[in-house]
Structure formats: structure tokens, C-alpha cells
Amino acid sequence: MENIELKKTDNAPAVILNYAKGFIELDGKSYPEDTFEFYVPIIVWLETYFGGKAQPKTVVNIKLTYFNSATTQSLFDILDAIQDGEYHELEVNWFYDADNENGLEDFEDYADEFADLNIKAVAR
Amino acid sequence: MTSDLEIVIEIDENPIYEFSPTINEASIVASASEIERILKSNHVNPAKLQDIYEITIELMQNILNYSYGHSTSEDNKKQATGKISLSYWSKEDVYIISTTNLIALNTQDKIKSKIAEVAGLDNKALRKLTREKMRHRDDKHERGAGLGFIVMARKSSKPIEYNIKAIDEQVGNFTITLVI
């Protein structure tokens, strides 16, 4: 599998999809003009990775700060692809701003919806 | 007809920031960054800043994607016109975000339906609706499940207010207002 690495922009997160390391990370703001199109190759990569190619250990870090409703939905699709897939040891981390009283609300929505993934909240 | 996008930030009716670019991806980024900078300089708490920032982007992207007469430039970037204002009312310690843009009147029933769907729902019900919408989408590679108004309602402290005023038989002005 080829890796995907995208640099952070003003409205799109840095993306790391590293096959050999089993490392997946989204970091930054997320409201690109064509949000769904932005996330399609990421979701396709994840469907392949979790379709029988997962490493013995996979780490997923979600470090999104501000994001639009299309990203909300794309995140659901990302976690859905993981939960429906095949994996061995899996660590999913949701990073949030400890100073933001809303910081855990999004985490709680996804953690409840994808209980099998045992998503961990990580303050930063 | 509306003018180019106009952004006004005011405190108790005294504008502290305004400009009027054509709305496109670059102007959304520039506007969002400037709004973030101003709110941080006014020591707005992080939760309220996040809500204002995200709703502003949501509304601007709605104008870009759905307004009547939006177009695509030579470099394949969308552009549109509209008006957006952000105001702070010190008595109530609330921010009010309002946008106006043109819509095709044959889309108004869809807009009304989506706003009616979230009217009167508390935060718990809105969170439940968010999850139901995401879960029951048929094709994950297709565009949205209509989360925009739900997300906005979750962040707004009062019901979404809107008005649709016909300009002629086909086109109208759509104004939407949220309180944060």
C-alpha cells in the first residue's frame, strides 16, 4: 500500500496514512471547499487497510480543531470504515482542547456511536 | 439583488471590522482567520469562539454551494455573493450571526423542511438526530446527509430564525440568523 501524506493548509488538516507504521493521523482545521471529495481517498485508503492489510498494531490520532458539518460526517465514515474492518491491536485517540468546555461533546458522540473502538479522549 | 459578500463585526451596533469580498474559498479562509483573531483579542472563551467560527464557516459555505447564481471560476473554484454580519450584544453577552443570499424559490420548501426538522429540539435530541442522519446515509461516498442545520441548531442558544422574501417569481432573498 502506498502512504498518503498531506500537509496542513489553512482549511484542511495534515493527513498521515502510513501503512508500514500502522499510523493514521488527521491534524488541524477541516473545512476544505469540497470536503467530501477531500476525504474520499482517505476513506478508500482506510477501507483497503482495514480490509485485511492492517499491521499488528494500528494507532489512529484525530487532532481536529475547528471543522464543518461535512467533516462531521466524513469522520463518521472514517470511524465506520475502521469499526467494520479487520484489525488487531488498535488505539484510537481523540485529542481535544482541555480549555474548551465543548471539547468533549464531539468525542462523546463518536465514542458512543463506535463503542467497539474504545476511543480515548486525550487532553492537549 | 445582493451585493458582494459583506462582513460586518460590531459591538452594540459599533462595527469593529468589515469588508466586502466576493465569497470563495480564499475569502472564507481569510474571513474565518480574521474573525478568530478578533475574537481571541476580545478574550472570547474557547467554546464560544469555536461555535462562532464553525457557524460562520457553515453559513459562508452554504452561500457558496447553494445560493442562486453561484458560479465556478476559470480555475474551477466556486464563487458567490451574499452578506454576512457578526454582532455582539453586551447586555445579553451573545453573538448574532446573520447571512443573506439569493435562493431559487423552488428550493424554499426544502430549506423550510430542514429548519423545521430541528425546531424545538433540545441538545440531546439534536445529538441523537445527528447520529441518525449519519448512520442512515446510503452511500458513504455521496455528498451530505443534511447535517448543516442540525449542527447550527446545536450551537445556537436560540431557535434558528429565517426569512424568505421573493424578489420575483423565481428568486428570493434568504436571511438566516443564529444567536450564540
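No experiment lies behind these values; they were computed from the predicted model shown.

### Regarding the environment of Phe38(A)
All names here are of chain A.
Step number 1: One can find Phe38 in helix 1 (residues 35-49).
Step number 2: For Phe38, a relative accessible area of 17% translates into the label buried.
Step number 3: Along the chain, Phe38 and Ser74 lie 36 residues apart, while their C-alpha atoms are 9.4 Å from each other.

### Considering the sheet that holds strand 4 (residues 71-72) of chain B
Residues and elements named next belong to chain B.
Step number 1: Across the sheet, which stays open at both edges, the three strands sit in the order 3-5-4 with antiparallel pairing between neighbours. The sheet is open, and its two borders are formed by strand 3 (23-24) and strand 4, each paired with just one other strand.
Step number 2: Note: strand 3 against strand 5 (residues 78-80), two bridges, orientation antiparallel. In the strand pairing of strand 5, Asn24 is matched with Gln79.

### A word on the packing of helix 1 of chain A against helix 2 (residues 69-83) of chain A
Residues and elements named next belong to chain A.
Step number 1: Where helix 1 contacts helix 2, the axes come no closer than 10 Å and their chain directions differ by 5°. By the angle class used here, helix 1 and helix 2 are roughly parallel. When helix 1 is examined against helix 2, the residues Thr35, Phe36, Tyr39, Ile42, Ile43, Leu46 and Glu47 are found in contact with a partner set consisting of Ala70, Thr71, Gln73, Ser74, Asp77, Ile78 and Ala81.

### A word on unusual backbone geometry
All names here are of chain B.
Step number 1: You will see that His43, though not glycine, has its phi angle at about 60°, which is positive.
Step number 2: Tracing the chain through its elements places His43 in the loop between helix 1 (25-41) and helix 2 (46-66).
Step number 3: Despite not being glycine, Asp93 shows a phi value in the positive range, around 55°.
Step number 4: Relative to the helices and strands, Asp93 resides in the loop between strand 6 (83-89) and strand 7 (94-104).
Step number 5: Judged by its relative accessible area of 42%, Asp93 is partly exposed.

### Observations regarding the interface of chain B and chain A
Step number 1: With 35 residues of chain B in contact, the opposing surface of chain A contributes 35 residues.
Step number 2: For the side of chain B that touches chain A, the secondary structure elements donating two or more residues are helix 1, helix 2, helix 4 (123-135) and helix 5 (148-155) of chain B.
Step number 3: The biggest single contributor to the side of chain B that touches chain A is helix 2 of chain B, with eleven residues.
Step number 4: The class makeup of the residues in the side of chain B that touches chain A is 13 nonpolar, seven polar and 15 charged.

Definitions and limits used
- Residues numbered from 1 in each chain as written.
- Chains lettered and ligands numbered in written order.
- Predicted model: local features only at pLDDT ≥ 70, side-chain atom pairs only at ≥ 80, totals over all residues.
- Heavy atoms only, no water.
- Helix = DSSP H or I, 4+ residues; strand = E, 2+ residues; numbered from the N terminus.
- Buried < 20%, exposed > 50% of the residue type's maximum accessible area, 1.4 Å probe, protein only.
- Pairing = 2+ DSSP bridges.
- Axes fitted to C-alpha atoms, helices over the stretch in contact; angles between N-to-C directions.
- Parallel < 35°, antiparallel > 145°, perpendicular 65-115°, else oblique.
- Contact = heavy atoms within 4.5 Å.
- Nonpolar A, V, L, I, M, F, W, Y, C, P; charged D, E, K, R; others polar.

Coordinates in, geometry out; function isn't part of it.
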